[in-house]
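Here is how the chains run, residue by residue.
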There are 2 protein chains.
Amino acid sequence: MHKTKVSIIGGGNVAHHLIYRFQTAGISISHVYVRSYAAQNDLAEQFNIEVMNVPESIDDDSDILIIAVNDDSISDLKISTTDKLVVHTSGNVSLNTLNNISENIGVFYPLQSLRSDNFDDERIEIPFLIEASNNKSLRKLEDLSGSIGSDFIQADEDTRRLIHLAAVFAHNFTNHMWSISDQLLNKEKISFEIIKPLILNSIAQLRDRSPLELQTGPALRKDSNTMQSHLHLLKESEDWTVLYKIISESIKKTHHD
Amino acid sequence: MHKTKVSIIGGGNVAHHLIYRFQTAGISISHVYVRSYAAQNDLAEQFNIEVMNVPESIDDDSDILIIAVNDDSISDLKISTTDKLVVHTSGNVSLNTLNNISENIGVFYPLQSLRSDNFDDERIEIPFLIEASNNKSLRKLEDLSGSIGSDFIQADEDTRRLIHLAAVFAHNFTNHMWSISDQLLNKEKISFEIIKPLILNSIAQLRDRSPLELQTGPALRKDSNTMQSHLHLLKESEDWTVLYKIISESIKKTHHD
């Protein structure tokens, strides 16, 4: 039986996690290509593999070429190949961007916040959103995802963008709320540690219930005394006052309209 | 050595968790008082204890009386006692509200989102914010917290209110972000499960870094193409469009000003 071989273009956060997981799963990596000399050395050393400069024509023995570079750099790549499956790993870039590179193209987007310094943390689950120009390519991406133990869902461009937007609310905006919380506590030299059990518990509760069911707090209870006292504490920060009011209004609207 | 005995007024979420943890830690519960007959039966059955109506004068053999009723009901309680330590469990009610009840008063506020249906989940950590009218009472509350395995910090009224505000950002507002994320996905019948690994990872990363360091996303990167495409997806919801813009602006301001 033919075993899948992959090649990867890119040496950033996504490339680190993919190379590590492919190596761990015994998937052979034909070539890794990067643009900078520094990235070349870093990757060669970390993963004990040969790393090369991006060529114009990719005719190595891999079945799947994974482009894991910045969103904006994908369309700048001047590469071509024969009938190899070529995929990018972006949440927001159209599949069609790859039209000139190969006849078999796809998207293999990891829905996770990946940092190159924690690529070997195996507790991090990485679900993939996949899309392809034909069914045979789609099956290849499903297999690739499965072979590194990841869940996947098929998602066309509009769906992928919607899920990316949902991830911005669930991850980036949530993190900003924690960051404001941390900064409020810092004013009184109180450690964010005191809040962490509350955060851990709120995640744990998501196992059994939806966030809509789990909503609590003064805005939900329409507890205007508490909200007034909070706004008084925020009076020196116009920015956070606006956020407090608008998010509270949105909670009221969601749960009482 | 005299072992501490507690009594509790209230049969709601906080009372459930406290009774369970006191019983588990071998702290004896002298009396539990509630106002409604239904709560009386429920508690008596769940914890195999005698539950009584709230009397006017509390002269039982407990050392500490814990008032775990709604914020607004605390000042309505027409009770008195001798020199027993009387504490309430609210994040937003002043210590002075208890002035007429006893000479020894305090606050024993659990900084956690507690539901009566998960009172026996021992994985839930409950840090306490404590305050008291004198040092002897403060020591009693520290001991009480320690004996059920909880962390505590001493916090006067202003500090307690600030921490409560920080908790609203970290917990209630965060949950609302998850809820919007869930509702966006529901539009396309996609399960929130796909987003959960991202949420779990974001919490795990808080072990080593502050949320300020961990911020990512299009607003941080000032990626206006992605933000435009997100706003286009949100165009049918004025409410979420406003939230998206204001939170994104706040992220930019925090990280780039």
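One structure accompanies this document, and this report is about it. Worth saying up front: this structure is predicted, and the values here are computed from it rather than measured.

On to the sheet that holds strand E4 (residues 64-67) of chain A. Whenever strands of a sheet pair, they do so through backbone hydrogen bonds, lying parallel or antiparallel. Residue and element names in this part refer to chain A. Pairing is mixed in the open sheet, where eight strands are placed in the order E3-E2-E1-E4-E5-E6-E7-E8. Taken across any chain shown, the strands that pair with only one partner, and hence form the sheet edges, are strand E3 (51-53) and strand E8 (152-154). Taken pair by pair, the neighbouring strands of this sheet meet at an average axis angle of 25 degrees, ignoring direction. Across five bridges, the pairing between strand E6 (residues 104-110) and strand E7 (residues 128-132) is antiparallel. Residue pairing for E7: Gly106 is matched across the bridge by Ala132. Of the strands in this sheet, strand E1 (5-9), E4, strand E5 (85-88), E6, E7 and E8 touch helix H4 (residues 135-147), which is tilted by about 160 degrees from E7.

Further remarks concern the nonpolar core. In this structure, Ile67(A), Ile195(A), Ile67(B) and Ile195(B) are the most contacted members of the largest nonpolar core, which totals 104 residues. The residues contacting Ile67(B), other than those within four sequence positions of it, are Ile9(B), Ile74(B), Leu77(B), Ile79(B), Val86(B), Val87(B), His88(B), Thr89(B), Leu98(B) and Ile101(B). Core analysis: the next-biggest nonpolar cluster, separate from the first, contains 34 residues, Val14(B), Ile29(B), Ile66(B) and Ile148(B) among them.

Our next topic: the environment of Asn172(B). Residue and element names in this part refer to chain B. When you line up the elements, Asn172 lands in helix H5 (residues 157-187). Residue Asn172 is classed as buried on the basis of its relative accessible area of 7%. Along the primary structure Asn172 and Leu141 are separated by 31 residues, whereas in three dimensions their C-alpha atoms are 27 Å apart.

At the junction of the two partners, chain A supplies 81 residues and chain B supplies 81 residues. Summed over both sides, the interface of chain A with chain B buries roughly 8,100 Å², with 67% coming from carbon and sulfur. By the criterion of area lost to chain B, the three top residues of chain A are Phe169(A), Ile194(A) and Leu198(A), representing 8% of everything that side buries. Our count for the contact surface shared by chain A and chain B stands at two salt bridges. Where Arg209(B) meets Asp117(A), a salt bridge forms, and the shortest distance between an N and an O atom there is 2.6 Å. One can count 34 residue pairs in polar contact (both at pLDDT 80 or more) joining chain A with chain B. Secondary-structure elements contributing two or more residues to the side of chain A that touches chain B are helix H5 (157-187), helix H6 (196-205), helix H7 (211-214), helix H9 (224-233) and helix H10 (238-256) of chain A. With 26 residues, H5(A) is the single largest residue contributor to the side of chain A that touches chain B. Taken together, the residues of the side of chain A that touches chain B sort by class into 42 nonpolar, 27 polar and 12 charged.

About the criteria used
- Residues numbered from 1 in each chain as written.
- Chains lettered and ligands numbered in written order.
- Predicted model: local features only at pLDDT ≥ 70, side-chain atom pairs only at ≥ 80, totals over all residues.
- Heavy atoms only, no water.
- Pairing = 2+ DSSP bridges.
- Helix = DSSP H or I, 4+ residues; strand = E, 2+ residues; numbered from the N terminus.
- Axes fitted to C-alpha atoms, helices over the stretch in contact; angles between N-to-C directions.
- Contact = heavy atoms within 4.5 Å.
- Core = buried A, V, L, I, M, F, W, Y, C linked by side-chain atoms within 4.5 Å.
- Buried < 20%, exposed > 50% of the residue type's maximum accessible area, 1.4 Å probe, protein only.
- Buried area = accessible area lost by both parts, 1.4 Å probe.
- Salt bridge = Lys/Arg side-chain N within 4 Å of Asp/Glu carboxyl O.
- Polar contact = N/O pair within 3.5 Å; in protein donor to acceptor, adjacent residues only side chain to side chain.
- Nonpolar A, V, L, I, M, F, W, Y, C, P; charged D, E, K, R; others polar.

By themselves, these figures tell us nothing about what the structure is for.
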